[in-house]
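# Architecture and fold: a report
Now for the letters of each chain:
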Amino acid sequence: MRVVLMGPPGVGKGTQATRLSALLGVIHVSTGDILRDAVKGGSALGRKVRTFVEGGKLVPDDLMGDLIEDRLQKDDASRGFVLDGFPRTVEQVSILDRALRNLDVRIDHVFVLTAPEDEIVRRLAGRRVCPGCKAVYHLENKPPKSAGVCDSCGSALIQRSDDEEEVIRERLAVYAESTAPVAGTYAERGTLVEIDGHGDPDAVGARLRAAIGAEGDRA
Ligand code: AMP
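None of the values given here were measured: they were computed from a predicted structure.

### Section: the pattern of salt bridges
- Evaluation of the coordinates by the stated rule reveals 15 salt bridges.
- Between Asp76 and Arg71 there is a salt bridge, and its shortest N-O distance comes to 2.9 Å.
- On the accessibility criterion, Asp76 (40% relative accessible area) is partly exposed.
- Ionic pairing is found between Arg160 and Asp162, a salt bridge with its closest N-O pair at 2.9 Å.
- Residue class for Asp162 comes out buried when judged on its relative accessible area of 6%.
- Linked through salt bridges whose partners overlap, the residues forming this network are Arg127, Arg160, Asp162, Asp163 and Arg171.

### Side note on the site of the ligand
- Taken together, 17 residues form the shell around the ligand, and within it Thr31, Arg36, Lys57, Gly85 and Gln92 come nearest.
- The side chain of Arg36 places a nitrogen or oxygen atom 3.0 Å from an oxygen atom of the ligand.
- At 3.3 Å, a side-chain N or O of Arg160 approaches an oxygen atom of the ligand.
- With the chains in place, 97% of the 480 Å² that the ligand exposes on its own is no longer accessible.

### Focus: the packing of aromatic side chains
- Under the defined criterion, the tally for this structure stands at zero aromatic pairs.
- Directly above the ring of Tyr137 sits Lys142, whose terminal nitrogen or CZ lies 5.1 Å from the centroid.

### Considering the confidence of the model for the protein chain
- Mean pLDDT over the protein chain: 92, with 97% of residues reaching 70 or higher.
- Put simply, helix α8 (residues 201-215) is where the protein chain has its lowest mean pLDDT, 87, and strand β3 (residues 81-84) is where it has its highest, 98.
- Segment residues 215-219: pLDDT under 50, and nine contacts once partners within four positions in sequence are set aside and those in other chains are kept.

Cut-offs and rules
- All residue numbers refer to position in the chain's written sequence, counted from 1.
- Note on the predicted model: pLDDT of at least 70 is required for a residue's local features to be given, and 80 or more for side-chain atom pairs to be given and counted; whole-chain, interface and lining totals, by contrast, use all residues.
- With hydrogens and water stripped out, all remaining heavy atoms of the structure feed into the side-chain values.
- Any Lys or Arg side-chain nitrogen located within 4 Å of an Asp or Glu carboxyl oxygen qualifies as a salt bridge.
- When accessible area is computed with a 1.4 Å probe and restricted to protein chains, residues below 20% of their type maximum are described as buried, those above 50% as exposed, and intermediate ones as partly exposed.
- Any residue with a heavy atom positioned within 4 Å of a molecule or strand is treated as near that molecule or strand.
- Distance and chemistry together define a polar contact, namely a pair of N or O atoms within 3.5 Å, with one atom able to donate a hydrogen and the other to accept it when in protein, and with adjacent residues in sequence counting only for side-chain atoms on both sides.
- We get accessible surface area from the Shrake-Rupley algorithm with a probe of 1.4 Å; when it comes to residues, only the shown protein chains can shield them.
- In summary, the pairing rule links any two rings of Phe, Tyr or Trp, Trp by its six-membered ring, whose centres are within 6.5 Å, and it sorts them by plane angle into stacked for under 30 degrees, edge-to-face for over 60 and tilted for everything else.
- Placement of a positive charge over a ring is assigned whenever Lys NZ or Arg CZ falls within 6 Å of the ring centre and within 35 degrees of the normal to the ring plane.
- The quantity called pLDDT is the predictor's confidence in a given residue, expressed from 0 to 100.
- To qualify as a helix, a DSSP run of H or I must reach at least 4 residues; to qualify as a strand, a run of E must reach at least 2; elements of each kind are numbered from the N terminus.
- By definition, residues are in contact when any of their heavy atoms lie within 4.5 Å.

As structure tokens, then:
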């Protein structure tokens, strides 16, 4: 099963992609996580992308193309994947089409999660993440048992530098300008299914599962 999960920053893509990939027994490919790890590790890629990621701007398509092709060619992607954060531009749709053609596979579902903008800003500003195991918390909705400490692995929780208010606004603007047209492209192809991302993660997860069940497995 191969799924693309789209939606604005803060809509719950990462949480739902983690759950969906576990449910389907396929890998979760978060381009944001890959880039943040590269920045943290100080690799050549990390040095090239740092200013884009920290400023909430899109990393150039040529770098993203190399990254996604490499990732999808790995053995663990052969059973399928949930793509979280890619494609984010219309050019990246073409890059993904080409990568899939080379692998001789196709996407089964393209979902876009939606939520009102005020809910998105509230979710992002309160989000705290674990740099160790990538678990996601929220100061109000899902606080850790012990303040500032990850329940799962004990690491100190951090606020992503791009979750500061000024950068949140930039990321939402980038989404409207560059990524919303990606949803338009899939809608024109008739493959886009909109999922209401409002409410708690269990409810949203149930909507996604129903959409997969209702449409059947076309793999
Ligand atoms: P995310 O965790 O998906 O919100 O991504 C965090 C940041 O990584 C984004 O604000 C971009 O700077 C960068 N990024 C992630 N995926 C892409 C992509 N497909 N194209 C360009 N930049 C990306």
